[in-house]
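# Structural description and commentary
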Amino acid sequence: MAFSRFRAGIALRTVLLFLSLVAIAEMLARTRWYLTIALCAAAALFQVVLLIRFVAQSSREVARFLEAVSFDDPSQSFSGLTGDGVHTELGTAMTHVMDSLRMCRAEREAQARYLQTLISHVPVALISVDQSDRVQLLNMAARRLCETALTHTSQFMRFGEPFAVGLESLRPGTSAILRMERNSGALQLKAAATDAALGGLRQRLISLQNIESEMSAQELAAWQTVVRVMAHEVMNSLTPVSSLAGTARDLVRDVLHQMPEGDPRTSTLTDARDALETVARRSEGLLHFVQNHRRLTKPLVTQMQVAPIQRVFARVQRLLATEIAANNIQMTTSVEPPTLELAADADLLDQALINLMRNAIEALSAVPAGRIVLAGRQHPDGRVVIAVTDNGPGIPAEQRDRIFVPFFTTKRQGSGVGLTLVRQIATAHGATVDVAPTPGGGATVSLRF
């Protein structure tokens, strides 16, 4: 129907134009009505203009429609054609296409917002870098990890040269374990990279996953296996040695009591008794040492409950009040915010804090004005951090990565169990523990839950 009206419109205007031209020709041949001829010529010219506009109207609308499609501009309207009886079908088709484009664009924008929200809230840190080494994307996990905004890959140097070099040398499709040095503590990260093309430009997507807890758990499990095997073998060998040494010592002692005074064999038996005494004592000491370390092989079962940090600190302070006073140490506690709470096993948490506090007390034994700060705070990423800070001699940098290893100790009478147990308790809670130097001297041990 629309195309027949279009043809009828063209035919009508063509006939009117033809009749006007015939009338002008007839008047030029038969009359001298110049004014009428001029009016008829003007009317014919006007009809030519109307015919051209009528024919070109659909072409203009089609051109405007194609331009709107090419520029993805669904805001254009073709309702004028819809109201025109001649172009109703064309206008309806164009309006339908524009409605479809609007719907598609709305769906694309919704999908883009969904993907942006998904990328922003994914727990793995994602960083996108373009060909010019500019950082184009930093999701929320990456911002929390980096603790600051990044705009260029050169800023990775602030987390340590090995970290920056490791990311730079990371090839697409490969992964590596990198150590990230931060103000709030070092982390072990699994870094992976992949390349993607966007608009003809290469983009590198880097993912960083914190595996500190997993690494600690695996390392602890390995040490537990070593300690379990070693304790089994040592106990099997030492138990009979200790028993036989004690028995032989007692036998020699009984013989010495029965020997008369002045017997020339007394001196030799006395030496034998002393030697057996030494063997028995050292065997018992080694047995006690092994039994002490066997605690590390037992899995910790946590009974989680929500506990106010201030109440935990008050309990630990009461337990250690005598030792703190005996060593003339000034102790302060700090909790921010004051209502801060933590879901943890109360007994295990107390044990970990007592071990850390006693280490700090021992480190301050030769410091005239010793200070210990027991602090709890909530990190911007939502994690609860408990830190024990002292102003003692500190821990040398080369020993910080070794103090959590079983058997390692810097104390003459130390067993090397305390900090290992602290790490085991932290791992059981899904937490990490790290050591950092305190500005002005001393050390800070932090538990990050």
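Definitions and cut-offs
Residues numbered from 1 in each chain as written. Predicted model: local features only at pLDDT ≥ 70, side-chain atom pairs only at ≥ 80, totals over all residues. Heavy atoms only, no water. Patch = residues over 30% accessible without salt bridge, like charges linked within 9 Å, V, L, I, M, F, W, Y side chains within 5 Å. Areas by Shrake-Rupley, 256 points an atom, 1.4 Å probe, with all protein chains shown as cover. Salt bridge = Lys/Arg side-chain N within 4 Å of Asp/Glu carboxyl O. Helix = DSSP H or I, 4+ residues; strand = E, 2+ residues; numbered from the N terminus. Buried < 20%, exposed > 50% of the residue type's maximum accessible area, 1.4 Å probe, protein only. Arc of directions from axis to C-beta. Core = buried A, V, L, I, M, F, W, Y, C linked by side-chain atoms within 4.5 Å. Contact = heavy atoms within 4.5 Å. Pairing = 2+ DSSP bridges. Axes fitted to C-alpha atoms, helices over the stretch in contact; angles between N-to-C directions. pLDDT = per-residue confidence, 0-100. Parallel < 35°, antiparallel > 145°, perpendicular 65-115°, else oblique. Left-handed = near helix turned anticlockwise from the far one by under 90°.

On to a nonpolar patch on the surface. Taken together, the side chains of Leu12, Val15, Leu16, Phe18, Leu19 and Val22 make up a nonpolar region of the molecular surface, amounting to roughly 560 Å² of accessible area. Examined against the element boundaries, Leu16 turns out to sit in helix α1 (residues 2-30). Among the residues examined, Leu16 registers a relative accessible area of 41% and is labelled partly exposed.

Within helix α6 (residues 161-168), burial applies to Phe163, Ala164, Gly166 and Leu167. Buried residues in α6, looked at end-on, bunch into an arc of 160°, giving them a common side. Exposed residues lying more than 90 degrees from the buried face of α6 are Glu161, Pro162 and Glu168.

The omega torsion across Glu336 and Pro337 is -5°, close enough to zero to call that bond cis. Along the chain, Pro337 turns up in the loop between β7 (330-336) and β8 (341-344). Even without being glycine, Asp133 reaches a positive phi, approximately 65°. For Asp133, a relative accessible area of 31% puts it in the partly exposed group. Positive phi values are uncommon outside glycine, yet Asn328 reaches one of about 55°.

Let us look at the nonpolar core. In terms of nonpolar packing, the biggest core is built from 39 residues, with Leu353 and Ile386 touching the most fellow members. At nine residues, the largest contribution of residues to this core is made by helix α11 (residues 346-363). Not counting chain neighbours up to four residues away, the residues in contact with Leu353 comprise Val312, Phe313, Val316, Leu374, Ile386 and Leu447. In terms of nonpolar packing, the next biggest core, distinct from the first, is built from 24 residues, Ala142, Leu145, Leu178 and Leu187 among them.

Looking now at the pattern of salt bridges. Under the criterion given, the structure shown has six salt bridges. Note that Glu181 is salt-bridged to Arg179, the shortest N-O span being 2.7 Å. Classification of Glu181 as partly exposed rests on a relative accessible area of 37%. Arg179 gets classed as partly exposed once you look at its relative accessible area, which sits at 36%. Across the salt bridge formed by Arg204 and Asp195, the nearest N and O atoms sit 3.1 Å from each other.

Moving on, we come to the sheet that holds strand β9 (residues 371-378). Note: strands within a sheet are paired through backbone hydrogen bonds, in either parallel or antiparallel orientation. Here we have five strands laid out as an open sheet, ordered β7-β9-β10-β12-β11, and mixed in their pairing. The open sheet has two edge strands with one neighbour each: β7 and β11 (432-437). Each adjacent strand pair in this sheet contributes to an overall mean axis angle of 15°, direction not counted. Pairing analysis gives six bridges linking β11 to strand β12 (residues 443-448), with the strands arranged antiparallel. Paired with Ala436 across the strands is Thr444, a residue of β12. Together, β7, β9 and β10 (384-390) form the strand contacts of helix α9 (residues 309-319), whose direction differs from that of β7 by roughly 165°. Contacting β7, β9, β10 and β12, α11 runs over the sheet at an angle of about 25° to β10.

Relative to strand β2 (residues 135-138), strand β1 (residues 125-129) runs antiparallel, the two sharing three bridges. Residue pairing in the sheet places Ile127 in a bridge with Leu138 of β2. Hairpin connection, β1 to β2: the antiparallel pair is bridged by five residues, and Asp133 has positive phi, about 65°.

Here the chain shows a mean pLDDT of 76. Residues at 70 or above account for 77%. Across the chain, element-level confidence peaks in β9 with a mean pLDDT of 90 and bottoms out in helix α3 (residues 79-83) with 57.

What follows covers the packing of α9 against α11. Where α9 meets α11, the closest approach of the two axes is 10 Å, and the angle between their N-to-C directions is 55°. It follows from the interaxial angle that α9 and α11 lie oblique. Pair α9 / α11 crosses with right-handed handedness. Note on element contacts: α11 touches α9 through Ala346, Leu349, Asp350, Leu353, Ile354 and Met357, opposite Val312, Phe313, Arg315, Val316 and Leu319.

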